[in-house]
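Observations on the model geometry
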Amino acid sequence: MGKQGWSGLPDIIYSLSSGSALPTTLIGSKIYSFSEVSSTNTIAIQMAHEGAPEGTVVIADQQHHGRGQRGRAWYSPGGVGIYMSVILRPHLPPENISQLTLITALALAEAVAAATGLKPGIVWPNDVFINGHKLAGILAEAEWEEANIRHLVIGIGVNVNHTREMFIENHLPEATSLKVESGHEYSRAKLVRKILLNLEERYLEFLSQGFEPIGERLQELDGTVGSWLEVISFGNRFEGESLGIDSTAALLVRVGEVVRRITSGRIKILYNNYHLISHPSISKNSGLSFL
Amino acid sequence: MDTKHLKRLIKLMRENNLQELEIEEPELKVRLKLGLPAEVFSLPPGVIPPVSALPHEDAKALPHVEVPSEENLFIVRAPIVGTFYRSPTPDKPSFVEEGTEVKKGQTLCIIEAMKLMNEIEAPVAGEVVSVFLSNAEPVEFDEPLMTLKPKS
């Protein structure tokens with residue numbers, strides 16, 4: 001297990017390790033905070049192997065090898081972002097486990113909306129966008145022993161006080177931050193508290209009531225409805241119109257007169273409503289990458 | 001058309017070994033295809049599809065593979081529906097190859113569903129005898145992924 005606390009703590013760490021207790025009962029019951037790590041998911045997975053209980057949170061001011069989907073990197077400079085991982089040990093039927101990625105995205109989008117007044121949307125299954133730009137991402141990794149899940153680690157990355165120049169210099173034109181969108185800086189510690197509180201509420205609701213009530217709320221925040229998508233699923237590529245997230249957390253895509261139900265793979269928005277209306281001639285290659 | 005009705009149709013298709021079934025009614029046209037990774041509903045233009053959907057097990061495709069009946073082989077099966085990945089990232093080598101000696105608990109592959117990366121561990125120590133799927137192929141619930149020859 002890693003060390004806890006240092007001298008010269010960044011604000012996010014100081015506030016979480018010495019401030020008032022989180023208003024949660026499960027998630028964040030133990031918080032391990034670091035000024036620098038390779039990746040909070042990597043550390044959380046190691047802790048999970050060593051028996052860390054459900055709800056354990058690993059948070060860092062900076063990641064040297066922040067990880068995204070399928071080997072992509074997550075830009076994780078110090079002082080400006082939220083990089084944290086939560087260990088869960090859900091007792092759920094296997095087919096429901098993957099719905100937790102959407103539940104995390106919902107908790108995240110709701111926390112951001114409540115804390116900032118901005119209006120983030122969810123891009124299936126687990127990205128949070130504002131105005132067509134990526135604000136936050138989730139990397140969920142589970143380990144299975146035969147038919148049983150051993151643990152699930154959900155990594156959350158949020159761009160909080162990054163400047164536009166930081167994204168441009170790092171070749172991330174599709175990214176945005178709360179500061180870029182609002183012109184204000186936000187307290188990362190306050191946001192972390194709100195995210196963990198929301199995540200706990202949504203997680204406990206999911207365990208007791210299933211996906212359906214959450215699914216209805218997700219549909220309200222669905223950021224893809226009506227957009228023209230490229231879908232890569234099971235090695236096949238096709239395009240179609242998003243009809244949104246269904247009551248089981250799958251994405252419905254209309255391809256011609258057929259509706260496909262997507263449960264695996266990735267999507268990319270080629271055109272969204274705004275672009276279709278104002279830039280009918282927008283080139284396909286200028287599509288935003290939401291992978 | 002409700003989920004129960006669709007389930008009955010799928011059962012009927014399985015029992016009669018049908019790959020494809022098309023039904024046309026005045027309000028709704030349904031085309032069902034087994035063995036496809038995603039369920040396919042055919043709709044008249046302008047109709048919003050029902051938000052109810054089939055549970056994964058009902059959309060189960062016919063198994064891809066015949067598992068050899070050799071004794072003492074341990075079959076590793078998929079605990080969930082998703083996309084099969086042989087390597088942690090596209091630029092890295094496969095977790096295991098046929099012939100690889102593995103320890104109990106060693107990662108054999110990943111199954112992705114809704115961007116949740118599920119690492120499947122070796123249930124026993126032994127040698128990988130066969131890998132039944134290639135990268136990015138769909139896997140169904142309980143589908144055989146690999147066989148292991150346990151270390152004696």
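Residues numbered from 1 in each chain as written. Chains lettered and ligands numbered in written order. Predicted model: local features only at pLDDT ≥ 70, side-chain atom pairs only at ≥ 80, totals over all residues. Heavy atoms only, no water.

Brief notes about the overall build of chain A
Check the secondary structure of chain A and you find nine helices and twelve strands. When each of the 291 residues of chain A is scored for burial, the buried share is 58%. Contacts spanning at least 24 positions in sequence make up 64% of the contacts within chain A whose residues lie at least 6 apart. Of the roughly 11500 Å² of accessible surface on chain A, a fraction of 50% belongs to carbon and sulfur atoms. (Helix = DSSP H or I, 4+ residues; strand = E, 2+ residues; numbered from the N terminus. Buried < 20%, exposed > 50% of the residue type's maximum accessible area, 1.4 Å probe, protein only. Contact = heavy atoms within 4.5 Å. Areas by Shrake-Rupley, 256 points an atom, 1.4 Å probe, with all protein chains shown as cover.)

Describing the pairing of strand S8 (residues 116-121) of chain B
Taken across its six residues, S8(B) has six buried, putting it largely inside the fold. Going residue by residue along S8(B), you find B:Leu116, B:Asn118 and B:Ile120 tucked away on one face and B:Met117, B:Glu119 and B:Glu121 tucked away on the opposite face as well. Pairing analysis gives five bridges linking strand S6 (residues 133-145) of chain A to S8(B), with the strands arranged parallel. Across the sheet, the residue bridging to A:Ala140 is B:Leu116, located in S8(B). In this sheet, S8(B) lies alongside strand S7 (residues 107-113) of chain B in antiparallel orientation, the contact comprising six bridges. Its bridge partner lying in S8(B), B:Cys109 is registered against B:Ile120. Linking S7(B) back to S8(B) in an antiparallel pair, the connection comprises two residues, with B:Met114 at a positive phi of about 50 degrees. (Pairing = 2+ DSSP bridges.)

With respect to the pairing of S7(B)
Residue and element names in this part refer to chain B. Among the seven residues of S7, seven are classified as buried, and the element is accordingly described as predominantly covered. Of the pairings in the sheet, the one linking strand S5 (residues 82-85) to S7 comprises three bridges and is antiparallel in character. Looking at the pairing, Phe 84 lines up with Ile 111 of S7.

Section: helix H4 (residues 99-116) of chain A
Residue and element names in this part refer to chain A. For H4, built from 18 residues, the straight-helix expectation of 26 Å at 1.5 Å per residue is met to within 8% by its first-to-last C-alpha distance of 26 Å. The buried count for H4 comes to 15 of 18 residues, which makes it a mostly enclosed element. Phi turns positive one or two residues past the end of H4, at Gly 117, with a value near 80 degrees. (Expected span 1.5 Å × (residues − 1).)

Quick word on the confidence of the model for chain B
All names here are of chain B. Taken as a whole, chain B shows an average pLDDT of 76; of its residues, 55% reach a score of 70 or greater. No element of chain B has a lower mean pLDDT than strand S3 (residues 40-42), which averages 56, and none a higher one than strand S6 (residues 101-102), which averages 97. Of the regions scoring below 50 in pLDDT, residues 49-64 engages in 43 contacts with residues more than four places distant in sequence or in other chains. Quick note on the complex model: pTM equals 0.79, ipTM equals 0.84. (pLDDT = per-residue confidence, 0-100.)

Details of the sheet that holds S6(B)
Backbone hydrogen bonds hold the strands of a sheet together, and the pairing may be parallel or antiparallel. Residues and elements named next belong to chain B. Spatial ordering of the open sheet is given by S4-S11-S9-S6, a layout of four strands whose pairing is antiparallel. With one partner strand each, in any of the chains shown, strand S4 (74-77) and S6 form the two edges of the open sheet. Note: S4 against strand S11 (residues 144-150), four bridges, orientation antiparallel. For Arg 77, the partnering residue across the bridge sits in S11 and is Pro 144.

Let's talk about the domain arrangement of chain A
Think of interface size as the accessible area that goes away when the parts come together; that is how it is often given. All names here are of chain A. Its domain assignment divides chain A into domain 1 (3-220) and domain 2 (224-290). Facing the twelve residues of domain 1 at the interface are 17 residues of domain 2. For the pair domain 1 and domain 2, the summed buried surface comes to about 1300 Å²; carbon and sulfur atoms form 68% of the total. Together, Val 123, Trp 124 and Gln 219 form the three largest contributors to the area buried by domain 1 at its contact with domain 2, with a combined 46%. Put simply, domain 1 and domain 2 have zero salt bridges between them. The interface formed by domain 1 and domain 2 contains three residue pairs in polar contact (both at pLDDT 80 or more). For the side of domain 1 that touches domain 2, the elements supplying multiple residues, two or more each, are H4, strand S4 (121-123), strand S5 (127-130) and helix H8 (212-221). Within the side of domain 1 that touches domain 2, the residues separate by chemical class into seven nonpolar, three polar and two charged. (Domains from an automatic or database assignment. Buried area = accessible area lost by both parts, 1.4 Å probe. Salt bridge = Lys/Arg side-chain N within 4 Å of Asp/Glu carboxyl O. Polar contact = N/O pair within 3.5 Å; in protein donor to acceptor, adjacent residues only side chain to side chain. Nonpolar A, V, L, I, M, F, W, Y, C, P; charged D, E, K, R; others polar.)

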